[in-house]
Amino acid sequence: MEKTATLIKRASLNVNQLDNIKIGDLLSDEYGKSGKVCEIEKVNRHGEFHYYFKLFKSGTILIIL
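Rules behind the numbers
Residues numbered from 1 in each chain as written. Predicted model: local features only at pLDDT ≥ 70, side-chain atom pairs only at ≥ 80, totals over all residues. Heavy atoms only, no water. Core = buried A, V, L, I, M, F, W, Y, C linked by side-chain atoms within 4.5 Å. Buried < 20%, exposed > 50% of the residue type's maximum accessible area, 1.4 Å probe, protein only. Helix = DSSP H or I, 4+ residues; strand = E, 2+ residues; numbered from the N terminus. Contact = heavy atoms within 4.5 Å. Salt bridge = Lys/Arg side-chain N within 4 Å of Asp/Glu carboxyl O. Patch = residues over 30% accessible without salt bridge, like charges linked within 9 Å, V, L, I, M, F, W, Y side chains within 5 Å. Areas by Shrake-Rupley, 256 points an atom, 1.4 Å probe, with all protein chains shown as cover.

Under an unreviewed UniProt entry, the name given to the protein is DUF4926 domain-containing protein, and the source organism is Pedobacter riviphilus.

The structure is reproduced here in structure tokens:
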């Protein structure tokens, strides 16, 4: 069975949705970048949450809340 990518829309995200994303999940964003998550980094900086989802061979998706 083929898995479908989880679409990330920055305008409608919350911290709980981002915390549910795990390594190995398929992600895509509204700008067309997509891939399999191979590393996740979460940073709390000055009251903002920065989520870095490193994609296998596809770069990184950065979400700031």
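Having seen it, we continue.
Observations regarding the nonpolar core
Ile8, Leu13, Leu18, Ile21, Leu27, Val37, Tyr51, Phe53, Leu55, Ile61 and Ile63 form the largest nonpolar core, which has 11 residues in total. Those elements that provide at least two residues to this core are strand S4 (48–55) and strand S5 (59–64). Aside from chain neighbours lying at most four places away, what touches Leu27 is Ala5, Thr6, Ile8, Ile21, Lys33, Ser34, Gly35, Val37, Phe53, Leu55 and Ile61.

Observations concerning the pattern of salt bridges
Per the stated rule, a full pass over the model turns up 3 salt bridges. The salt bridge involving Asp29 is made with Arg10; its shortest N-O contact spans 3.6 Å. With Asp29 in strand S2 (residues 26–29) and Arg10 in the loop between strand S1 (6–8) and helix H1 (15–19), this residue pair connects regions lying 19 residues apart in the sequence. Judged by its relative accessible area of 8%, Asp29 is buried. Of the charged contacts, one joins Arg10 and Glu30 as a salt bridge, the two residues approaching to 3.3 Å between their closest N and O atoms.

Quick notes on a nonpolar patch on the surface
Nonpolar side chains collect at one region of the surface, where Tyr52, Leu62 and Ile64 lie side by side and expose about 230 Å² of accessible area between them. Residue position: Leu62 is located in strand S5. A relative accessible area of 33% places Leu62 in the partly exposed class.

A word on the environment of Ala11
Counting through the fold element by element, Ala11 comes out in the loop between S1 and H1. With 21 residues separating them in the primary sequence, Ala11 and Gly32 have C-alpha atoms 16 Å apart.

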